[in-house]
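If you want the building blocks of each chain, they are given just below.
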Amino acid sequence: MTEPSPQPAKSDGGTQPDEADRLRAMLRSPGYLKTLVFCALIGIPVSFAAFWFLVALRELERLMWADLPQALDWNTPPWWWPLPLLLVAGIVVGLVVTHLPGAGGHIPAAGLQPGGATARALPGVILAAVASLPLGATLGPEAPLIALGGGLALLFRDLARRPVTPTTTALLGAAGAASALAAIFGNPLVAAVLLMEVAGVGGPQLFAVMLPALLSSGVGSLVFTGFGNWTGLSTGGLSLKPGAPIPHLDTGDVVWSVLMAVAIGAAVHLVQVGGRRVAAFVPTRTVVHTAVCALAAGACAAVYTLVTDRSPADVASSGQATLTKLAADPHAWGIGALIAVLLCKGAAYALCLGSLRGGPIFPSLFLGGAVGVLLAPLPGLGVVPGLAAGMAAAAASALRLPVSSVVLVVLMLGSVAMTPVVILAAVVAFVTAELLPPGRAVSPVGKPARSVPAVAADRA
């Protein structure tokens, strides 16, 4: 970007411009306008890349967890199935972290990071994600998508020989990340809000980040929604169809949602503390310790199958597909199965947060939804309010992004009827998690930090 034009004086004769003046000066800057146009152009190729990345992950996951077991005459994977897969995942991720630039991307225990990976780090990010997610990591694809989108945007900038400045790097990274995230969430609004809240900016800086991210994700979403004769590509999106009718809220729903949010906020916080301890343990002997932690996550899935006789994929997966099944038919899960999946998936989630590569969103949504279904029989609480409040509370306490969590859960439900309990649960869980001792933190690249999480400290 070129330097902005001289800042106008305030109307009262002062020399310091107010926020409106700074915003107008930014929007009139030729460099910023060129950056907006470039962000719109890169939205399409980044969205195509994100689409094929998700397709590859989905097909590999289907191969590992459905096609291969069936080829060996098993209707569902046997109890030991996650052990060799996650052992391989741990070894590959450990080697990527040790030998490739970028260490395979951000450690999930450090939270979502607004910046994209450099073009040089993209091969390691993709390889670590492909080794982690299809082989059973209890993580989602959103963090690799952020790195992929941001890295591709910077690569396109270099190919187009655009000026390289800290400002363009930040804006293009956010725009590319938002465009890629729209592929998994199925909605550009969620992606843009998430990136803006992760960035933690306000005033004119908010608009500086918001406009490229919103524009790029909106243009890129045309790849999936279609336009003209183009019918679009389907990634499945992220939506739930609750098997129970959506009720009117009553006092019981509100009271139980608040109490449930406090418990979920504390429980998810403990899982995150465990993840940060794992992240501090891994770097001492990266390959060996990563493999050990991944194998332990596989053991959690194996124990779950031995106890419940259900598929180990309930634990050894992001939880996106399982959450859809849970919402559609909550009565198919007994109380014992729900308790077992919460304990085993929670432990596997903590292990994978600190050792493998992926994102924290989808496992937290599943865990919160499972708590909501488990507690739904409480007097005055129904399945849908419990599901909505549980997902909002878990997402807000895991991400520390309450606004994004509310938007995400409301759009997933496809109805605004649950919005009050979603907001209450998100805020209460966020405050609960923030007030608890943070424990040992890690930097995004895996080195132990001194006190509170870096992302929370930056945001404060």
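Residues numbered from 1 in each chain as written. Predicted model: local features only at pLDDT ≥ 70, side-chain atom pairs only at ≥ 80, totals over all residues. Heavy atoms only, no water.

## Topic: the overall build of the chain
Counting secondary structure elements, the chain contains 18 helices and zero strands. For the chain, with 460 residues in total, the buried portion stands at 53%. Of the roughly 18,900 Å² of accessible surface on the chain, a fraction of 67% belongs to carbon and sulfur atoms. (Helix = DSSP H or I, 4+ residues; strand = E, 2+ residues; numbered from the N terminus. Buried < 20%, exposed > 50% of the residue type's maximum accessible area, 1.4 Å probe, protein only. Areas by Shrake-Rupley, 256 points an atom, 1.4 Å probe, with all protein chains shown as cover.)

## Structural notes on the environment of proline 379
Take proline 379: it is sitting in the loop between helix 14 (361-375) and helix 15 (383-399). Looking at proline 379, the relative accessible area reads 66%, which means it is exposed. Separated by 126 residues in the primary sequence, proline 379 and aspartate 253 place their C-alpha atoms 9.1 Å from one another.

## Some points on helix 10 (residues 251-281)
The end-to-end C-alpha distance of helix 10, which contains 31 residues, comes to 45 Å, matching closely the 45 Å that a straight helix rising 1.5 Å per residue would cover. Between the side-chain oxygen at the start of helix 10 and the backbone nitrogen of glycine 252 there is a gap of 3.3 Å, and the oxygen is on aspartate 250. (Expected span 1.5 Å × (residues − 1). Polar contact = N/O pair within 3.5 Å; in protein donor to acceptor, adjacent residues only side chain to side chain.)

## Here's the deal with the nonpolar core
Counting residues in hydrophobic clusters, the biggest one holds 112 residues, and the most contacted among them are Leu145, Leu181, Phe185, Ile361, Leu365 and Met391. What isoleucine 361 contacts, discounting residues up to four positions off in sequence, is Leu112, Glu142, Phe185, Leu194, Leu399 and Leu408. Formed by seven residues, the second largest nonpolar core is a distinct cluster that contains Phe38, Ile42, Leu154 and Leu172. (Core = buried A, V, L, I, M, F, W, Y, C linked by side-chain atoms within 4.5 Å. Contact = heavy atoms within 4.5 Å.)

## A few points about the packing of aromatic side chains
Counted according to the given criterion, the structure contains five aromatic pairs. Geometrically, the ring pair formed by tryptophan 74 and tryptophan 81 is edge-to-face, given 6.0 Å between the ring centres and 70° between the ring planes. One aromatic cluster is present, formed by Trp74, Trp80 and Trp81 through successive ring pairs. Taking NZ or CZ as reference, arginine 310 lies 3.9 Å from the ring centre of tryptophan 333, over its face. The ring of phenylalanine 366 is capped by lysine 345, whose NZ or CZ atom sits 5.3 Å from the centre of that ring. (Phe/Tyr/Trp six-rings, centres within 6.5 Å; stacked < 30°, edge-to-face > 60°. Lys NZ or Arg CZ within 6 Å of the ring centre and 35° of its normal.)

## With respect to the state of the cysteines
Tallied over the full model, the rule gives zero disulfides. Residue cysteine 293 stays outside any disulfide, its sulfur separated by 9.1 Å from that of cysteine 352, the closest cysteine. Here cysteine 352 stays free of any disulfide, with the sulfur of cysteine 300 as its closest cysteine sulfur at 8.4 Å. (Disulfide = S-S within 2.5 Å.)

## Quick notes on the packing of helix 2 (residues 30-71) against helix 4 (residues 122-132)
Contact pair helix 2 / helix 4: the axes reach a minimum separation of 10 Å and the direction vectors enclose 30°. In terms of orientation, helix 2 lies roughly parallel with respect to helix 4. Crossing of helix 2 against helix 4: the hand is right-handed. The segment helix 2 lies against helix 4, with Phe53, Leu57 and Leu60 engaging Ile126, Ala129 and Val130. Of the residues assigned to the contact of helix 2 with helix 4, the class counts are six nonpolar, no polar and no charged. (Axes fitted to C-alpha atoms, helices over the stretch in contact; angles between N-to-C directions. Parallel < 35°, antiparallel > 145°, perpendicular 65-115°, else oblique. Left-handed = near helix turned anticlockwise from the far one by under 90°. Nonpolar A, V, L, I, M, F, W, Y, C, P; charged D, E, K, R; others polar.)

## Focus: the environment of leucine 86
Within the fold, leucine 86 resides in helix 3 (residues 82-99). Judged by relative accessible area, which is 0%, leucine 86 ranks as buried. Along the sequence, leucine 86 and alanine 299 sit 213 residues apart, while their C-alpha atoms lie 9.2 Å from each other.

## Examining the packing of helix 13 (residues 335-355) against helix 14
A pair of packed helices is captured by two measures, namely the crossing angle of their axes and the spacing between those axes. Direction vectors running N to C along helix 13 and helix 14 enclose 155°, while the axes themselves pass 10 Å from each other. Our classification of the angle between helix 13 and helix 14 gives roughly antiparallel. Remark: the crossing between helix 13 and helix 14 carries left-handed chirality. Here helix 13 contributes Ile335, Leu338, Ile339, Val341, Leu342, Lys345, Gly346 and Tyr349 to the contact with helix 14, which in turn contributes Pro363, Ser364, Phe366, Leu367, Ala370, Val371, Val373 and Leu374. Taken together, the residues of the contact of helix 13 with helix 14 sort by class into 13 nonpolar, two polar and one charged.

## Regarding the confidence of the model for the chain
On average, residues of the chain carry a pLDDT of 82, and 82% of them reach 70 or more. Low pLDDT, under 50, characterises residues 1-16; the stretch is placed with 24 contacts to residues that sit more than four places away or in other chains. Segment residues 227-232 is flagged for pLDDT under 50; beyond a separation of four residues in sequence, or across chains, it makes 10 contacts in the model. (pLDDT = per-residue confidence, 0-100.)

## Let's talk about the environment of valine 403
With respect to the helices and strands, the residue valine 403 is situated in helix 16 (residues 402-413). On the basis of relative accessible area, valine 403 is assigned to the partly exposed category, the value being 48%. As for valine 403 and alanine 426, which are separated by 23 residues in sequence, their C-alpha atoms are 8.1 Å apart. Among residues more than four places away in sequence, those in contact with valine 403 are Val193 and Glu197.

## A closer look at a nonpolar patch on the surface
A grouping of Leu63, Leu68, Leu72, Trp74, Trp79, Trp80, Val303, Leu306 and Val307 is seen on the molecular surface, where their side chains present a nonpolar patch of about 820 Å² in accessible area. Elements supplying a minimum of two residues to the nonpolar patch: helix 2 and helix 11 (286-308). Mapped onto the elements, valine 303 comes out in helix 11. Residue valine 303 is classed as partly exposed on the basis of its relative accessible area, which comes to 44%. (Patch = residues over 30% accessible without salt bridge, like charges linked within 9 Å, V, L, I, M, F, W, Y side chains within 5 Å. Salt bridge = Lys/Arg side-chain N within 4 Å of Asp/Glu carboxyl O.)

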